[in-house]
2 protein chains.
Amino acid sequence: MPDFTDHLQPAHDGTATLQAERDSSDIGVPQLAKHLLDRDGFLERQERVLKVLSKEKLFKKSQQLNLSRPERYHLGLARAKAIQRLSRSEGWDSADYQIAEYLNDEMSPYFLHMSMFVTTVREQGSTEQQKYWMPKILNYDIIGCYAQTELGHGSNVRGLETTAKWDPAKKEFEIHSPYLTASKWWNGSMGRTATHAIVVAQLLLLKPNRKSSGPPTDADYESHGPQTFILQIRDKVTHQPLPGIAVGDIGPKYGYASMDNGYMLFDHFRVPRSAMLSRYAEVSDETGAFVRTGHPAVVYGSLTFVRGQIIMHARLVLARAVTVSVRYCCVRRQFKDRDSKNPSDDEMKVLDYPTVQIRILPLLATTFALHYTGEYMYRLYNQSRQTIEKGDFGPLAELHSASSGLKSLCTMLAADGIETCRRAMGGHGFGGGSGLIGLNSDYLSKPTVEGDNWMITQQVAAYLIKKMTDNIANPDRPPKDPTDELFQFYLKNRGHRIPQSVVKDQKIVDDQNIVEIFQWRAADLSYRAYQARVVEKKPWTRLMIQLHNLSRAYSEQILVTNFYNSFSSAAKTLSGPTPEVLRTCFRLYALYTLDTYASSFTMTTAVSAESVYGLQDAIVDLMGELRPHAVKLVDAWTIPDWLLDSALGKYDGKVYEELFDMAHRRNPLNEVTFNPDWRSEEIVLGSGDGGRQVLAKL
Amino acid sequence: MPDFTDHLQPAHDGTATLQAERDSSDIGVPQLAKHLLDRDGFLERQERVLKVLSKEKLFKKSQQLNLSRPERYHLGLARAKAIQRLSRSEGWDSADYQIAEYLNDEMSPYFLHMSMFVTTVREQGSTEQQKYWMPKILNYDIIGCYAQTELGHGSNVRGLETTAKWDPAKKEFEIHSPYLTASKWWNGSMGRTATHAIVVAQLLLLKPNRKSSGPPTDADYESHGPQTFILQIRDKVTHQPLPGIAVGDIGPKYGYASMDNGYMLFDHFRVPRSAMLSRYAEVSDETGAFVRTGHPAVVYGSLTFVRGQIIMHARLVLARAVTVSVRYCCVRRQFKDRDSKNPSDDEMKVLDYPTVQIRILPLLATTFALHYTGEYMYRLYNQSRQTIEKGDFGPLAELHSASSGLKSLCTMLAADGIETCRRAMGGHGFGGGSGLIGLNSDYLSKPTVEGDNWMITQQVAAYLIKKMTDNIANPDRPPKDPTDELFQFYLKNRGHRIPQSVVKDQKIVDDQNIVEIFQWRAADLSYRAYQARVVEKKPWTRLMIQLHNLSRAYSEQILVTNFYNSFSSAAKTLSGPTPEVLRTCFRLYALYTLDTYASSFTMTTAVSAESVYGLQDAIVDLMGELRPHAVKLVDAWTIPDWLLDSALGKYDGKVYEELFDMAHRRNPLNEVTFNPDWRSEEIVLGSGDGGRQVLAKL
């Protein structure tokens, strides 16, 4: 409906503002974008898939925040199915499909089917099992999920309570939930969608030397640890749970509204012998004995793969939050410069305030830090994967350690970073126009899922203590990996370490020096952990916080090292000011981290205390150098407006126009007139319903 | 429907676990609860009001997370109206009413009416205006809101764009929105509920020495700054906006689903002269000149009051998150002790892991730190208020500074603390059973609302620089307040400062010493700011981050000082181990803060670097001392299960039973069977709707 607001303009033109920002930096956005996102044709795929999705009404995002959680699952399932159909009609390959999921930006009810479910069958199924299951899976004739975590156990997989008891007479397994806490819990796609499930359960076999001759009791069984089973959980026609199974959705969560995370309990549910995935282990048909035919560590391979993907994803998530906040904070003006003498001065762009910069620009730098380590992880995973496939499990420890430490650090940086960006945008950051609500609430799962961020750092520390112990025992053995190299360097030099300077005469000393400082600190903390645990034999529990900090330092060292190595080589392919700007990002990320954990660096004699006190000034200078390029740097991440779904982050800077449009023209609440008088129970004016409609929903 | 899950029990009994926790501490919970919550009969009121609310179906919380945002406003309005009716039938006074709002735990669509709206009329209305408006307000015959913030301006009130132009001929004001960014924005209760509004607008009057004789142009007007007007915005019968007003709800936000934060634009909207609240300023009826009849600083009095309440509220919010996480982390068990030699050992309670303690226990200590400073602020506000009412505006600067710094620090501690507690609970923290989703998403507004947490710290720093300048100029003047005392002490001693030790031979040196360290750091940072700004004349903008850190240090010093003073005197009224446990909380809060910002303390020569390196061990010891009392300490905050609305935080420890009940028996999504086959567009199995219902909502 036309009204007097139609012709109103904002006091400042956001489009002109962002254009001026772009005009004032010589960074070549297409070149940098290609540098960042060229792998596997990401940019081309994104453009192509975006065209398809954005014209489908089903994928419109504008009313999403007005839907209830049950409605969001309905919508999520509709979209998941539509993407399947589009995938076929458009001839999308699996990388295109993943781009579609990324752009659709919600956890699909099919997600687990095409990730953990298919991966587990592929990795752990025997040739025969794969032959049977894979066509059904790839054709989506069945929908699978992955039921590992339980109500009572997440991190401690060995403590799972669900049992799979082998019945040698009937040649069947009996899957059973002895306690309420044995209920499978959190498992995605299981609540309402899946027809089948991978179930991880304790394999119980009769003890070989059992004495009693009557029917076996619990004491006659022994556990062979968690094993994986594939089973049908719902009827093919009615989609009702099979008898002996209770399964459903666990209810609303912080995020993942579109996903049916589920619970599942078994009441002596029987499955045939073929249900156990038997590439690496099986129960002998004849003797009922446990037969291992491969390395059990591979069972955790899928989890490591998921962790790798999580790190690769973190950079784009953080880039998205940074994109929104950088653009908005250029358009947003507030207060004149306190020292301004000219009354006609404009109010300042808030991104010109160091108090805003210090929250956003180090995170902008972090997006690149995550990127280069994401690329590194990708290479490391593929290299190790090949070795493992060949039967050599040697690299698994290094891979597991790196993936654990980095998963913990990178998801924390991204999760905290979203919220930091949001707060940096002041009041409007709290509104739906930020476009960060869904991203934020979904992403908050990452610090605790697929290995809790605090728990898994213990594994990193254990690995580093072992490496340090080995290197102390054999100081001259040839180094097998960068960690060996670092520890050997450290052990040779620790007797005569001179704490380094980062900043001298208000200048950064040099970049290689920064890398060395991060590495030294990680090595020294490893040595301290070795000293406390191996030499002084302190209780593990007592050391836990120290070990967590060690993991963080070790992972930060990986980020800094990769960042340094990569921008150095990137300088050959990038032109204009871009290499220098990336160097500034490297320095900003490193110095900001150094400043935040300063006492850890001084305690380990990595840097001198005096040098630390100069960091804040150096950081303000670095932010000043980066500031003119901020808009173009976020442009290079090439996050389409359609995905951003953010008034504040619009590419064209029409922030206020979009916010007003959302409120005045697209908000369904404004189509209803209410009765605000407390004397009446009526809620909608003139409805005379006496409030009954509201009560009915409770 | 009964099924095989009905008789399942968790592997461990949560009730017995929490009972054992309670049995192992001698803290007197009722005594400590009274110590914390005795003010104005809080505990008695809570119990009485809870009985009333909890038996009304309208206030049931169990389906809240399944409602859409528009439904949440319907519900919020219904509840606001019901509380009005209950308030009258039960004879609740205003403190009871506030308890009802606290227990109802959602932002009421009437909230602004009884806070900023009535406060502004009371403080800024003339006697005549109060006589006219107050009966209507107190009787809720009208519903008011407070329209200050605009789309383009929040923090900078002087930059507001809405104008109120005086028409001397008609003796009317013309309220107008010249730009889109002039739209009032965010104003609570305005979107759908309010009938009236306080509108803050730039008062434009004709220049007294205007030359031209024709009709006045814009250049003939001059602004007299933001002034407050009271006006009707909606029709009494139809509840439609009056002609010349566009008003509505701004749409979904992170939190505050039940609140109709609004936008409002004016098209040359005319109001009579009496609309301007005129206790301190008015437009002369005869000359059209601006007449000030009081101190303009009082205009910001209401905002200061709201800030005071925010600080008082923060402790209960944080206590709630800590209550949930402490109880859950006692019931939750995961992994056996890594050093355990006994295979029959139980898995450990996760609260026994230092890596869990370090996230929760310092926050438990922080609830008490906030409490004692909340009490301090309460006294300070009331003392200053009386002085201001008497016409002495002297204390306003100190009050404004303390309230700004503390608002910034305390809301950040509480907002971050909720999320820290959530993550400490691992996977289940992400679920609706945490009970933290609503609390979290609502509370995230606090760091940016009522003065952005980063922006307002600049005011604190400006105040401290001024105080330091004054004390340097007149070192021997009698101190007017604790800040003067501290600065004078600092100036006398800064030439011969010896950095102090906190920990010596693994023992904490003494408590008074800790207080002195925090105070010294704040004073030294104040001196550095003075030096940089006043002596070296550095640009304000360049110093902003340093100034923000100063405000934080100053406010931390207030928290530590008040905590120390209060537990010292509390020791006289509390028996058993409670005083010692509070002392442990004081030490833990202080040392944790010291460790987090260690380089700020060493740089200012408050402590020695060696002393800082011993903090982590001391903190682990303090947490060990606090651990046995954790459950009883959170019990003392007396947060009813009904308010917690949390499976994880249940008083009786029936965590898993409640989680399962929510999922299996109370989740509406499980009442629907879906069609998971991508080949069909049907969503609900058998409905044959072809997905049309989903599309209709987009």
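Everything quoted here is computed from the prediction, not taken from an experiment.

*Asks:* What should I look at first to understand the overall build of chain A in this one?
*Replies:* In terms of helices and strands, chain A carries 23 helices and 13 strands. Over its C-alpha trace chain A gives a radius of gyration of 28 Å, about what one expects of a compact globule, namely 26 Å for 698 residues. A principal-axis box enclosing the C-alpha atoms of chain A has dimensions of 100 × 85 × 55 Å. Expressed as a percentage of its 698 residues, the buried residues of chain A come to 62%. Expressed as a percentage of contacts within chain A between residues at least 6 apart in sequence, the contacts between residues at least 24 apart total 74%.

*Asks:* What should I look at first to understand the domain arrangement of chain A in this one?
*Replies:* Often, the extent of an interface is quoted as the loss of accessible area on bringing the components together. Residue and element names in this part refer to chain A. Domain parsing of chain A yields domain 1 (25–106), domain 2 (126–132 + 143–294), domain 3 (303–338 + 345–635) and domain 4 (672–698). Together domain 2 and domain 3 conceal approximately 570 Å² of surface at their shared face, both sides included; 54% is due to carbon and sulfur atoms. Across the contact surface, domain 2 and domain 3 share four residue pairs in polar contact (both at pLDDT 80 or more). By residue class, the composition of the side of domain 2 that touches domain 3 is two nonpolar, two polar and one charged.

*Asks:* Please explain the UniProt feature "binding site: FAD" (unreviewed entry) in chain A as it appears in this structure.
*Replies:* Residues and elements named next belong to chain A. According to UniProt, the positions carrying the feature "binding site: FAD" (unreviewed entry) are T149 and G188. Taken along the chain, the residues just named run across 40 residues; in space they keep tight, none of their C-alpha pairs more than 10.4 Å apart. Tracing the chain through its elements places T149 in the loop between strand 1 (144–147) and strand 2 (163–167). If we ignore the near neighbours within four places in the chain, the residues touching T149 are G154, S183, K184, W185 and N187. Take G188: it is sitting in the loop between strand 4 (184–187) and strand 5 (196–206). Beyond its immediate stretch of four places on either side in the chain, G188 contacts L112, C145, M259, D260 and N261.

*Asks:* I keep staring at unusual backbone geometry and nothing clicks. Help me out?
*Replies:* Most peptide bonds adopt trans geometry, and most residues besides glycine take a negative phi value. Positive phi, normally seen in glycine, also occurs at A:E450, with a value near 50 degrees. Residue placement: A:E450 occurs in the loop between helix 11 (437–443) and helix 12 (457–473). Here A:E450 falls in the partly exposed class, since its relative accessible area comes to 26%. A positive phi is found at B:T605, a non-glycine position, where the angle reads about 55 degrees.

*Asks:* Looking at this structure, I do not really get the sheet that holds strand 8 (residues 262–266) of chain A. What am I missing?
*Replies:* Hydrogen bonds between backbone atoms are what pair the strands of a sheet, whose relative direction is either parallel or antiparallel. One open sheet accounts for three strands, arranged 4-8-7 (chain A); its pairing is antiparallel. Every interior strand has two partners, whereas the edge strands, strand 4 and strand 7 (245–249) of chain A, have only one. For this sheet, the mean angle separating the axes of adjacent strands, direction not counted, is 15 degrees. Sheet analysis places strand 7 of chain A next to strand 8 of chain A, joined by five bridges and oriented antiparallel. Bridge pairing links A:D249 to A:G262 in strand 8 of chain A. Packing against the sheet, helix 22 (residues 655–665) of chain B makes contact with strand 4, strand 7 and strand 8 of chain A, and its axis sits at approximately 100 degrees to strand 8 of chain A.

*Asks:* I would appreciate a short explanation of the interface of chain B and chain A in the present structure.
*Replies:* In this complex, chain B contributes 162 residues to the contact, which on the side of chain A involves 162 residues. Contact with chain A buries area across many residues of chain B, yet B:Y254, B:F430 and B:W678 alone supply 7% of it, more than any other trio. Inspection of the chain B/chain A interface yields 12 salt bridges. Our count for the contact surface shared by chain B and chain A stands at 86 residue pairs in polar contact (both at pLDDT 80 or more).

*Asks:* For this particular structure, what's the right way to read the pairing of strand 2 of chain A?
*Replies:* Note on strand geometry: in a regular strand, side chains alternate between the two faces of the sheet. Residue and element names in this part refer to chain A. The element strand 2 is largely enclosed, with a buried count of four among its five residues. Inspection of the sheet shows strand 2 paired to strand 5 by three bridges, in the parallel sense. Bridge pairing in strand 5 places A164 opposite L203. Both strand 2 and strand 3 (residues 172–176) contribute to a ladder of five bridges, which runs antiparallel. Its bridge partner being in strand 3, A164 is matched across the sheet by I175. Following strand 2, the chain reverses through four residues before pairing antiparallel with strand 3; K171 in that reversal takes a positive phi of roughly 55 degrees.

*Asks:* When you look at helix 1 (residues 14–23) of chain A in this model, what are you seeing that I'm missing?
*Replies:* Helical periodicity: at 3.6 residues per turn, an α-helix aligns residues three or four positions apart in one direction. All names here are of chain A. G14, T17, L18, E21 and R22 are the residues of helix 1 that are buried. The buried residues of helix 1 occupy an angular sector of 135 degrees when projected down its axis, which confines them to one face. For helix 1, the side-chain oxygen to backbone nitrogen distance between the N-cap and T15 is 2.9 Å, and the N-cap itself is D13.

*Asks:* Help me understand the side chain of A:H239 in this model?
*Replies:* Within the element layout of this structure, A:H239 appears in the loop between strand 6 (221–232) and strand 7. Residue A:H239 is classed as buried on the basis of its relative accessible area, which comes to 5%. Not counting chain neighbours up to four residues away, the residues in contact with A:H239 comprise A:R192, A:T193, A:A194, A:T195, A:R234, B:T673, B:F674, B:P676 and B:L685.

*Asks:* I tried to follow the packing of aromatic side chains on my own but got confused; where do I start?
*Replies:* We describe a pair of aromatic rings using the distance from one ring centre to the other and the angle between the two ring planes. Scanning the model with the defined rule gives 48 aromatic pairs over all chains in all. Consider the rings of A:F430 and B:Y256, whose centres lie 5.7 Å apart with planes at 75 degrees: the pair is edge-to-face. In this pair, A:F430 is assigned in the loop between helix 10 (396–424) and helix 11 and B:Y256 in the loop between strand 7 (245–249) and strand 8 (262–266), connecting two distinct chains. Each member of the pair, A:F430 as well as B:Y256, carries the same accessibility label: buried. Clustering of aromatic rings is evident, with ring pairs tying together A:Y372, A:F563, A:Y564, A:F567 and A:F586.

*Asks:* I would appreciate a short explanation of the confidence of the model for chain A in the present structure.
*Replies:* Do not read the fine detail of predicted coordinates wherever pLDDT is low. In this model, chain A carries an average pLDDT of 93, and 98% of its residues clear a pLDDT of 70 or more. Our summary of model confidence lists the complex with pTM equal to 0.97 and ipTM equal to 0.96.

*Asks:* How do you make sense of the packing of helix 9 (residues 354–389) of chain A against helix 15 (residues 540–570) of chain A when you look at a structure like this?
*Replies:* Each pair of packed helices gets described by two things: the angle between the helix axes and the distance between those axes. Residues and elements named next belong to chain A. Running from N to C, helix 9 and helix 15 cross one another at 90 degrees; their axes reach a closest spacing of 8 Å. The orientation of helix 9 with respect to helix 15, classified from their angle, is roughly perpendicular. Within the contact between the two elements, helix 9 uses A365, F368, A369, L370, Y372, T373 and Y376 and helix 15 uses I558, L559, N562, F563, S566 and A570. Residues of the contact of helix 9 with helix 15, tallied by class, amount to 10 nonpolar, three polar and no charged.

*Asks:* Sorry, what's going on with the nonpolar core here?
*Replies:* Buried together is how nonpolar side chains tend to be arranged in soluble globular proteins. A:F368, A:L591, B:F368 and B:L591 are the most contacted members of the largest nonpolar core, which has 396 residues in total. Discounting chain neighbours no more than four positions away, the residues touching A:L591 are A:V502, A:I508, A:I514, A:L615, A:A618, A:I619 and A:L622.

*Asks:* Even after reading the chapter, I still don't get the relation of the copies chain B and chain A, so can you show me in this structure?
*Replies:* For the pair of chain copies, the relating transformation is a rotation about an axis with a translation along it. Once turned by 180 degrees and shifted 0.0 Å along the axis, chain B lies on chain A with an RMSD of 0.0 Å. What the superposition gives is, in effect, a two-fold axis relating one chain to the other. Residue B:S68, judged by its C-alpha, is the member of chain B lying nearest the rotation axis, at 1.9 Å. Most of the interface of chain B is mirrored in chain A, where 100% of its interface residues are also at the interface.

So, how was this worked out
- Residues numbered from 1 in each chain as written.
- Chains lettered and ligands numbered in written order.
- Predicted model: local features only at pLDDT ≥ 70, side-chain atom pairs only at ≥ 80, totals over all residues.
- Heavy atoms only, no water.
- Helix = DSSP H or I, 4+ residues; strand = E, 2+ residues; numbered from the N terminus.
- Rg over C-alpha atoms; globule rule 2.2 N^0.38 Å.
- Buried < 20%, exposed > 50% of the residue type's maximum accessible area, 1.4 Å probe, protein only.
- Contact = heavy atoms within 4.5 Å.
- Domains from an automatic or database assignment.
- Buried area = accessible area lost by both parts, 1.4 Å probe.
- Polar contact = N/O pair within 3.5 Å; in protein donor to acceptor, adjacent residues only side chain to side chain.
- Nonpolar A, V, L, I, M, F, W, Y, C, P; charged D, E, K, R; others polar.
- UniProt positions renumbered as here; feature names shortened; annotations may be inferred.
- Pairing = 2+ DSSP bridges.
- Axes fitted to C-alpha atoms, helices over the stretch in contact; angles between N-to-C directions.
- Salt bridge = Lys/Arg side-chain N within 4 Å of Asp/Glu carboxyl O.
- Arc of directions from axis to C-beta.
- Phe/Tyr/Trp six-rings, centres within 6.5 Å; stacked < 30°, edge-to-face > 60°.
- pLDDT = per-residue confidence, 0-100.
- Parallel < 35°, antiparallel > 145°, perpendicular 65-115°, else oblique.
- Core = buried A, V, L, I, M, F, W, Y, C linked by side-chain atoms within 4.5 Å.
- Least-squares fit on C-alpha atoms with pLDDT ≥ 70 in both.

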